[in-house]
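Chain and residue survey
These are the residues of each chain, in order.
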Amino acid sequence: MTKAVNRQPRNAASILRLFFHDCFVNGCDGSVLLDDTATFTGEKNAGPNRNSARGFEVIDAIKTRLEAACNATVSCADILAVAARDGVALLGGPTWTVPLGRRDARTASQSAANSQIPGPSSSLATLISMFAAKGLTAQDMTVLSGGHAIGFARCAAFRNRIYNDTNIDPAFATTRRTTCPATGGDANLAPLDQTPNRFDNSYYQNLVNRRGLLHSDQELFNGGSQDATVRGYSTNPASFARDFAAAMVKMGNISPLTGTDGEIRRNCRVVN
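What counts and how
- Position numbers for residues start from 1 in each chain and track the written sequence from start to end.
- Only residues with pLDDT of at least 70 are given local features in this predicted model, and only at 80 or more are side-chain atom pairs given and counted; all residues enter the totals for whole chains, interfaces and linings.
- To obtain the side-chain values, all non-hydrogen atoms of the structure were included, while hydrogens and water were left out.
- When a carboxyl oxygen of Asp or Glu is within 4 Å of a side-chain nitrogen of Lys or Arg, the pair counts as a salt bridge.
- Note on conventions: DSSP H or I runs of at least 4 residues are helices, E runs of at least 2 residues are strands, and numbering of each starts at the N terminus.
- Throughout, exposure labels follow a simple rule: accessible area from a 1.4 Å probe, protein chains only, divided by the maximum for the residue type, with under 20% read as buried, over 50% as exposed, and the rest as partly exposed.
- Only heavy atoms matter for contacts: two residues are in contact if any of them lie within 4.5 Å across the pair.
- Two N or O atoms count as a polar contact when they lie within 3.5 Å, although within protein this holds only if one can serve as hydrogen donor and the other as acceptor, and sequence-adjacent residues are included solely when both atoms are side-chain atoms.
- In a helix, the anticipated span is given by 1.5 Å times the number of residues less one.

Naming follows an unreviewed UniProt entry, where the protein chain appears as Peroxidase of Citrus sinensis.

This part is about the pattern of salt bridges. Under the counting rule described, the total for this entry stands at 13 salt bridges. Linking R102 and D78 is a salt bridge whose minimum nitrogen-to-oxygen distance equals 2.7 Å. In this pair, R102 sits in the loop between α4 (76-90) and α5 (110-116) while D78 sits in helix α4, placing the two residues 24 residues apart along the sequence. Among the salt bridges present, the one from D186 reaches R159, with a minimum N-O distance of 2.9 Å. A residue pair is termed long-range when its members are at least 10 positions apart, and D186 in the loop between α9 (170-177) and β2 (189-191) and R159 in helix α8 (residues 155-164) qualify at 27 residues. Note on D186: relative accessible area 36%, which makes it partly exposed. Judged by relative accessible area, R159 falls into the buried class, the value being 16%. A cluster of three or more residues bridged by salt bridges with shared partners is formed by D35, K44, D60 and R269.

On to unusual backbone geometry. In the Ramachandran plot, N51 falls in the positive-phi region, its phi being about 65 degrees despite a non-glycine side chain. A positive phi is found at A72, a non-glycine position, where the angle reads about 55 degrees. In this fold, A72 is placed in the loop between α3 (56-69) and α4.

This part covers the environment of R17. Relative to the helices and strands, R17 is located in helix α2 (residues 10-23). R17 sits in the partly exposed class, given a relative accessible area of 32%. Separated by 131 residues in sequence, R17 and H148 have C-alpha atoms that sit 9.2 Å apart. In contact with R17, other than residues within four places in its own chain, are P48, S52 and A53. In this structure the side chain of R17 is engaged in a polar contact, spanning 2.9 Å, whose partner is the backbone oxygen of P48.

We now examine α2. The end-to-end C-alpha separation of α2 is 20 Å, in line with the 20 Å expected for 14 residues at 1.5 Å each. Most of α2 is tucked away, with 12 of its 14 residues classed as buried. Those residues of α2 not exposed but buried are R10, N11, A12, A13, S14, I15, L16, L18, F19, H21, D22 and C23. In this fold, the buried residues of α2 make contact with α1 (2-7), α3, α4, β1 (152-154), β2 and α13 (237-252).

All right, on to the side chain of K44 then. With respect to the helices and strands, K44 occurs in the loop between α2 and α3. With a relative accessible area of 13%, K44 lands in the buried category. From its side chain, K44 meets the backbone oxygen of L33 in a polar contact 3.2 Å long. Excluding anything up to four places from it in sequence, K44 contacts V32, L33, L34, D35, N49, R50, F56 and R269.

Structure (structure tokens):
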């Protein structure tokens with residue numbers, strides 16, 4: 001991860017997002033890493049992942065090293081959990097102890113990926129209910145959204161916000177429109193906050209100033225139940241770091257495969 005993040009800091013955010021998208025579909029089982037084949041449909045081409053999920057080659061590189069050192073021992077699901085933690089820490093965020101022992105799924109679900117991963121246009125009520133379905137509280141949702149402290153989003157994900165939302169700082173909207181036209185440029189990137197390569201609490205400061213990039217981001221601070229939590233994190237980076245670490249452990253505990261369930265994949269892209 002050090003090598004990958006030094007090469008491109010964005011890799012930390014990409015791996016963090018992969019872990020989130022893995023855990024929200026049938027638990028943290030490495031299913032997001034499986035490639036489609038002629039007879040198998042994985043999750044990589046589901047709406048939330050198609051053209052945006054990235055970092056798979058980083059996981060491949062880690063897996064190759066681990067298989068050489070101690071083959072058939074460390075699951076792809078555990079690799080993803082630890083790599084997500086290390087990416088956050090490498091960009092100045094907190095670290096935490098990752099419970100280990102997950103095994104890898106032999107299946108995936110494109111339909112679950114399409115229906116169970118919240119999208120960038122989600123309302124606060126939708127965000128709360130989709131996280132609750134995974135055993136996560138509204139506060140867990142708000143602090144895990146702080147993963148947007150790092151990384152970038154595609155124009156397609158925030159176009160509607162910068163052209164149509166009213167709860168947005170006008171100067172911020174104008175700036176974002178310069179690289180995200182009303183039509184075209186779907187893949188153009190913008191930082192999720194002004195320090196995309198540093199894991200800090202400026203994401204929450206932006207929300208207070210109506211400068212959330214995604215509609216779903218700004219929903220956390222828009223006269224609703226999470227306003228006080230957002231304000232707290234915007235002024236107390238230590239509490240954000242502490243709560244984020246705890247919520248990541250909680251998310252990493254969603255329905256893991258253990259014991260004789262699943263397998264230890266030799267190659268994270270295909271079942272054994």
